[in-house]
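# Descriptive structure summary
Listed here are the chains, written in short residue letters.
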Amino acid sequence: MRQVLTIAAAAAVVLVVASPAGAGSAKAPTLKSLQAQITSLQKQVKTLKKRAALDENVIGLTLEYAVCSTAVTADAFQDTFTGLDAYFAARAQPPYFGAQTPVNDYKACQDFQIVRAHNQSPPNTNILRALLDIFKSRSFAAHGVDLAAPARNLSMQFFALAQRAAIG
């Protein structure tokens, strides 16, 4: 038992003596290197904040376009239903669809300068065409985006458009 205690005590002494020597060999970062890391991280955070803000603008613009698109599509369906009811009435048949209530677009179409045309007779797709015409080259060119550039990246062009729309 004394031998075990002696070995344990010797091992403890060796560990205590060896620990500071091992710890001393690792180099602690200097104040200058830490400041450089902080500066680099601050720059990265600034860049990421800009990207996050731009992403939020693009998401908002995309959602607004989807709301307008849904509303004008609903208008086209409702105009078709109204036209069919008029057809049925001309043949002395009861209306099948009934009165149609316009869908609220929450002014999304107004932001895209799309004038909704509800109750068109006969129904047509002109409003859908106007919504798609937003993506014509000249529409983008008015915002400083060149879709015909040879080495273009469409997503980057869309981000640029969204950023310009958010600013102005």
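Preceding block: the structure.
Here we summarise the structure given alongside this text. (Residues numbered from 1 in each chain as written. Predicted model: local features only at pLDDT ≥ 70, side-chain atom pairs only at ≥ 80, totals over all residues. Heavy atoms only, no water.)

## Some words on the pattern of salt bridges
So the rule is basically this: Criterion for a salt bridge: a side-chain nitrogen of Lys or Arg within 4 Å of a carboxyl oxygen of Asp or Glu. A run of DSSP states H or I qualifies as a helix once it reaches four residues; a run of E qualifies as a strand once it reaches two. Both are numbered from the N-terminal end. Only protein chains enter the accessibility calculation, which uses a 1.4 Å probe; a residue whose area is less than 20% of its type maximum is buried, one above 50% is exposed, and one in between is partly exposed.
On inspection of all chains with the given rule, the structure shows three salt bridges. In this structure, the salt-bridge partner of Arg 116 is Asp 75, at a minimum N-O distance of 2.7 Å. Here Arg 116 is found in the loop between α3 (108-111) and α4 (126-132), whereas its partner Asp 75 is found in helix α2 (residues 31-90), with 41 residues between them in sequence. Relative accessible area serves as the criterion here: at 23%, Arg 116 is assigned to the partly exposed category.

## What to know about unusual backbone geometry
Of note, the bond from Ser 121 into Pro 122 is cis; its omega dihedral lies within 30 degrees of zero at -5 degrees. Tracing the backbone shows Pro 122 in the loop between α3 and α4. Residue Ala 92 is not a glycine yet carries a positive backbone phi of 60 degrees. In this fold, Ala 92 is placed in the loop between α2 and α3.

## Concerning the nonpolar core
The following threshold applies: Residues grouped as a nonpolar core are buried Ala, Val, Leu, Ile, Met, Phe, Trp, Tyr and Cys residues, joined through side-chain atoms within 4.5 Å. The contact criterion used throughout is that any non-hydrogen atoms of two residues lie within 4.5 Å.
Counting residues in hydrophobic clusters, the biggest one holds 11 residues: Leu 61, Tyr 65, Cys 68, Val 72, Ala 108, Cys 109, Phe 112, Ile 114, Ile 127, Leu 131 and Ile 134. Counting residues per element, this core draws most heavily on α2, which supplies four residues. Here Cys 109 is in contact with Cys 68, Val 72, Ile 114 and Arg 116, once residues within four sequence places are set aside.

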